[in-house]
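Architecture and fold: a report
Okay, here's what each chain looks like letter by letter:
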Amino acid sequence: GGGGGGGAGAKGKGPRGIPCLIPCAIDQDPYFRMTRDVAVKLGEFKPALIHSKFFPALQGDSGKMSASDPNSAIFVTDTEKQIQKKINKYAFSGGGVSIEEHREKGGNCEIDIPFRYLTFFLEDDDRLEEIRRDYSSGKMLTGEIKAELAGVLGPIVKTHQDNRSKVTDEVVDQFFAD
């Protein structure tokens, strides 16, 4: 059930009558619930929510993404070269401490950041399973899984940058026009 009918921008600050869908992590749920309560009182639609998984910092679960630490995350403004460098240098590995150990024991996909990022961005589930199998068995090395991630993320970010560059003030004005 929705609330009033204004939608985002009912007070003249944007398009009217457009419901809002908010992706956020579970830790933001209390604020989302409060927003749903307040929206009705303001004559707005109640926003809908999609709970998302936390996206880990490049340094792993012990790290935290931060705009003040440019090496903690891949940013949509990063070049493909920066993305490759960040992944190779900063992405926490679940692999062995040596090639020999990794070949013998395999990598731990539960803590390996390149593998975890691939679970978000690699659309081919069969390929993801193949990578999981090969990395876990030691057949695929840390450098190889990092190269896989860079090969997936680079084009996604580049496409975003190309699309974003086409957004002009005119396009924004048209979007927010009544």
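See the structure shown above.
Residues numbered from 1 in each chain as written. Predicted model: local features only at pLDDT ≥ 70, side-chain atom pairs only at ≥ 80, totals over all residues. Heavy atoms only, no water.

Of regular secondary structure, the chain possesses 7 helices and 2 strands. Counting all 178 residues of the chain, 30% fall into the buried class. In the chain, the proportion of contacts linking residues at least 24 apart, taken out of those at least 6 apart, comes to 59%. A total of about 11500 Å² of accessible surface is found on the chain, and carbon and sulfur atoms cover 54% of it. (Helix = DSSP H or I, 4+ residues; strand = E, 2+ residues; numbered from the N terminus. Buried < 20%, exposed > 50% of the residue type's maximum accessible area, 1.4 Å probe, protein only. Contact = heavy atoms within 4.5 Å. Areas by Shrake-Rupley, 256 points an atom, 1.4 Å probe, with all protein chains shown as cover.)

Our next topic: the nonpolar core. With 21 residues, the main nonpolar core has Ile74, Ile87, Tyr117, Leu118, Ile131, Ile145 and Leu153 as its most contacted residues. Secondary structure elements with two or more residues in this core: α2 (80–90), α4 (113–121), α5 (125–137) and α6 (142–165). Considering every element that reaches this core, the biggest residue donor is α6, with 6 residues. Look past the residues within four positions of Tyr117 in its chain and what remains in contact with it is Phe55, Pro56, Ala57, Leu58, Met65, Ile74, Leu149 and Leu153. (Core = buried A, V, L, I, M, F, W, Y, C linked by side-chain atoms within 4.5 Å.)

On to the pairing of strand β1 (residues 21–25), then. Pairing of β1 with strand β2 (residues 48–52) involves 5 bridges; the strand directions are parallel. By the bridge assignment for β2, Pro23 is matched with Ile50. Following the chain from β1 across helix α1 (residues 29–41) to the adjacent parallel β2, one finds a crossover that is right-handed. (Pairing = 2+ DSSP bridges. Right-handed = clockwise from strand over helix to strand, strands pointing away.)

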